[in-house]
Structure formats: C-alpha cells, structure tokens
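One-letter residues, chain by chain:
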Amino acid sequence: MSDATAAQPLVRATDLAKTFDVSAPWLNRVLERRPRQLLRAVDGVSFDIQRGQTLALVGESGCGKSTVARLLVGLYAPTRGGFQFDGQDAHAAFRTPQGRQLRRRIQMIFQDPYASLNPRWRVQDIVAEPLVEHGLLSGAGELRERVGELLQSVGLSPLDASRFPHQFSGGQRQRISIARALATHPEFLVCDEPTSALDVSVQAQVLNIMKDLQRRQGLTYLFISHNLAVVRHVSDQVGVMYLGRLVELADKHTLFDSPRHPYTRMLLDAIPKIHDTGRARTPVQGEVPNPLDPPAGCAFNPRCPHANERCRVERPVLHAIGGVRVACHAVEEGRI
Ligand SMILES: Nc1ncnc2c1ncn2[C@@H]1O[C@H](COP(=O)(O)OP(=O)(O)OP(=O)(O)O)[C@@H](O)[C@H]1O
Ligand code: SF4
Ligand SMILES: [Mg+2]
C-alpha cells in the first residue's frame, strides 16, 4: 500500500452520534408531567478503516453496534458528527442526487438472510434488483450472465438463479444476500452479525467466503459480531463498544493478547481459552445499565473492579496509550 493510500482511510467516522427521542406522546408528557426522554444510542464514535481492511465492532446487546452500521449506510442521519467515505462527506452526499452513486459503493449485509430476501422472488430477480435499480444493466441476457457470475463468486451455481429462497439452507441464503450486496461492485460492506443466525458448522464456510471475496476484490468491511472467536478470525482492527461509546480500539493481535480496558478484559475472560485450558472462564459480570439513565462518570463504573471516586464523576475519553486507544482512568493513571 502506498503512503498516500495509507494516509487517507476509505472510511473515517468522526464523533459520530445518534440520539433517539423515545419520549411519551406530547399530551401524556404534559398531563403526567414527564420530561422528554432521549436515548444516546451512539455517542461520539470515531474510527478509521483503511481500504481492504476489516474493523470489527463488539459489545453486549444494546451498545449501539447496529446503529453505527445504519449510520454508515445512510439509513440514519447522525445527530452529531459524521463520516467521510473516500474523502467526501458521506451524509451530505447521501442527500444529493449523487447520493445514489455513493449508495452503490456502500452495501449492507443483515443478520437474518431470510427476512432480507423477498420470499416470492426468484434468486435471479433478487440478485439482479440492485443492478436494475442503479441502472447498471438492463438486458435480460446481460443480467442473467452477471447474476450467474455473482452466484459463482459465493460458491453457488448459476442454475440456482431460477429457485426461490425457501429452497436453500440458511448458509446458502446468506450467500445469496452476499451475492446481491456485491452486485453493484461496492467497495465497503457493512456486515451486521452476518453469521449469527447460522449453525456453527456453516458459519466458518460463510466467513471464509467473505474473507476470500475481500482478498480478491479488495473489499473493506465493518463487521459486527457478538462472537469474539468470529471477530478474531475476520478482523484487522477491533473496536469495543459500551453504552454507545468506544472504550478500546486496537489492532486484533494487541487486543486479544493484551487487552487494556477492564470491559475488554471481562469480555475476553468469558470466552473459552483454546490454548489455555487450565484456566476457568469467568462469565461476564453484571448487566448493562439502562441507556435512558446511564451512570455518571465512566458508564462502566458499576461493574468495574477498578472503579474509584474519579470514575464515578469524570467520564474518561479515548486516549492513545502505547498504540492503542483506551478510555479508562485506571489505564491512564497506570493503576492497571
Ligand atoms: N429506532 C430506534 N428507536 C429508539 N431506540 C433505538 C432505536 N434503535 C436502537 N435503539 C436503542 O439504541 C440502543 C442501541 O441499539 P443497537 O440496536 O444499535 O444496539 P446493538 O449493539 O446492535 O445491539 P444487539 O447486539 O442487540 O443487536 C439500544 O438501547 C436500543 O434500544
Ligand atoms: S474509568 Fe474507572 S470505572 Fe471506567 S473502566 Fe476505567 S477503572 Fe473502570
Ligand atoms: Mg444489533
């Protein structure tokens, strides 16, 4: 990779934030004297993804991973901050006629392949739809040929084009949604738990196809997963989220070999050790706080074994410490 490409990431999120207004209807609020309620689903997330690389986002349910995904594909507009794609302000571009061009370059793969495929359509029409919508191909012969190529690129047969989604297994259906996502020659794929709904035996197969496509087509991925073993397999960088914020961002090897943030350590302690069978795993302790009433100071303080008075009043910010970015007072103070 040249210095110029290394300097400009394909994706740069800067202070990305999304707040949902989850207040009761106005009349109820007035009659019951209830205040407006805001839920900060994503609260100031910044990261870069270099072309051809994978950033994985991990964290417990409700920490804002899918909201980040939806912001990056333009399904949500940010409440604050933004993201640049290939040097341009993506959310400004999404609102213009050129936004179509950008949407072609950024595609999303969802968790449930069955829900995201129209059951009444043949695979041919499902995979061809983005090509038609973006006006890339229109002739029946061209479309058939391109859909055949796309199906082959995910290990299916061109003959599968005439079948319906219910005639496939879960893993095959997810491969159809990958073929569809690839139809417009995207550069950036946002993958929200793409294998979580699949049997363990087929997860690896789908992940390997995704890695292979990445190598061959130079794709860039944002990869969301609960499963740290999956993350270890696919990622280059890993971002750990807690209650809408990134608490640690590091390259994969550093994060798995020497996690810094107490929350990252808790997540890693909970997974079975492959090489270190002597050590018992420690289940994740405590629960994620109510996002409508987050704790003051560090949001992790009620569950943190290293919390002190400063942690209960002052929110830590992400600092670069030894090549890793960590938001923790104890790490910054050298206490842990
Ligand atoms: N459209 C919405 N309206 C209101 N609140 C929302 C909306 N979407 C998400 N939330 C809330 O925002 C927070 C983050 O949700 P999000 O779906 O991004 O989390 P997640 O990390 O993807 O969780 P999971 O692992 O369960 O998929 C949660 O508290 C959720 O309830
Ligand atoms: S800032 Fe304090 S409470 Fe938060 S993770 Fe670090 S030590 Fe724990
Ligand atoms: Mg989610």
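Residues numbered from 1 in each chain as written. Chains lettered and ligands numbered in written order. Predicted model: local features only at pLDDT ≥ 70, side-chain atom pairs only at ≥ 80, totals over all residues. Heavy atoms only, no water.

Peer 1: Can you walk me through the site of ligand 2 in this structure?
Peer 2: In the neighbourhood of ligand 2, 13 residues make up the surrounding shell, with Cys298, Cys304, Cys311, Cys328 and His329 lying closest. Residue composition of the shell around ligand 2, grouped by class: nine nonpolar, four polar and no charged. (Near = heavy atom within 4 Å. Nonpolar A, V, L, I, M, F, W, Y, C, P; charged D, E, K, R; others polar.)

Peer 1: Even after reading the chapter, I still don't get the pairing of strand E7 (residues 188–192), so can you show me in this structure?
Peer 2: Looking along a regular strand, one sees side chains alternate from face to face of the sheet. Among the five residues in E7, five count as buried, and that is most of the element. Going residue by residue along E7, you find Phe188, Val190 and Asp192 tucked away on one face and Leu189 and Cys191 tucked away on the opposite face as well. Pairing of strand E6 (residues 106–109) with E7 involves four bridges; the strand directions are parallel. Following the sheet pairing, Met108 is matched in E7 by Val190. With five bridges connecting them, E7 and strand E8 (residues 220–224) associate as parallel partners. For Phe188, the partnering residue across the bridge sits in E8 and is Thr220. The parallel pair E7 and E8 is bridged by helix H9 (residues 200–217), and the resulting crossover is right-handed. (Buried < 20%, exposed > 50% of the residue type's maximum accessible area, 1.4 Å probe, protein only. Helix = DSSP H or I, 4+ residues; strand = E, 2+ residues; numbered from the N terminus. Pairing = 2+ DSSP bridges. Right-handed = clockwise from strand over helix to strand, strands pointing away.)

Peer 1: Just checking my understanding: could you explain the domain arrangement of the protein for this structure?
Peer 2: Interface size is commonly expressed as the accessible surface area that is lost when the partners come together. By the assigned domains, the protein splits into domain 1 (3–235) and domain 2 (262–336). Between the C-alpha centres of domain 1 and domain 2 there is a distance of 29 Å. With eleven residues of domain 1 in contact, the opposing surface of domain 2 contributes eleven residues. In total, about 870 Å² of surface goes out of reach between domain 1 and domain 2, with carbon and sulfur atoms giving 60% of it. Counting the surface domain 1 buries against domain 2, the share from its top three residues, Leu39, Glu60 and Leu228, is 53%. (Domains from an automatic or database assignment. Contact = heavy atoms within 4.5 Å. Buried area = accessible area lost by both parts, 1.4 Å probe.)

Peer 1: Would you mind showing me how to read the site of ligand 1 here?
Peer 2: Around ligand 1, the structure places 14 residues, and the nearest of them are Ser61, Gly62, Lys65, Ser66 and Thr67. In this structure, an oxygen atom belonging to ligand 1 sits 2.5 Å away from a side-chain N or O atom of Ser61. At 2.8 Å from an oxygen atom of ligand 1 is found a side-chain nitrogen or oxygen belonging to Lys65. For ligand 1, the protein covers 66% of the area, taking 640 Å² as the surface of the free molecule. Secondary-structure elements contributing two or more residues to the shell around ligand 1 are strand E2 (38–49) and helix H3 (65–72). Broken down by element, the shell around ligand 1 gets its largest block of residues, three residues, from H3. Considering only residue class, the shell around ligand 1 consists of seven nonpolar, six polar and one charged. (Polar contact = N/O pair within 3.5 Å; in protein donor to acceptor, adjacent residues only side chain to side chain. Areas by Shrake-Rupley, 256 points an atom, 1.4 Å probe, with all protein chains shown as cover.)

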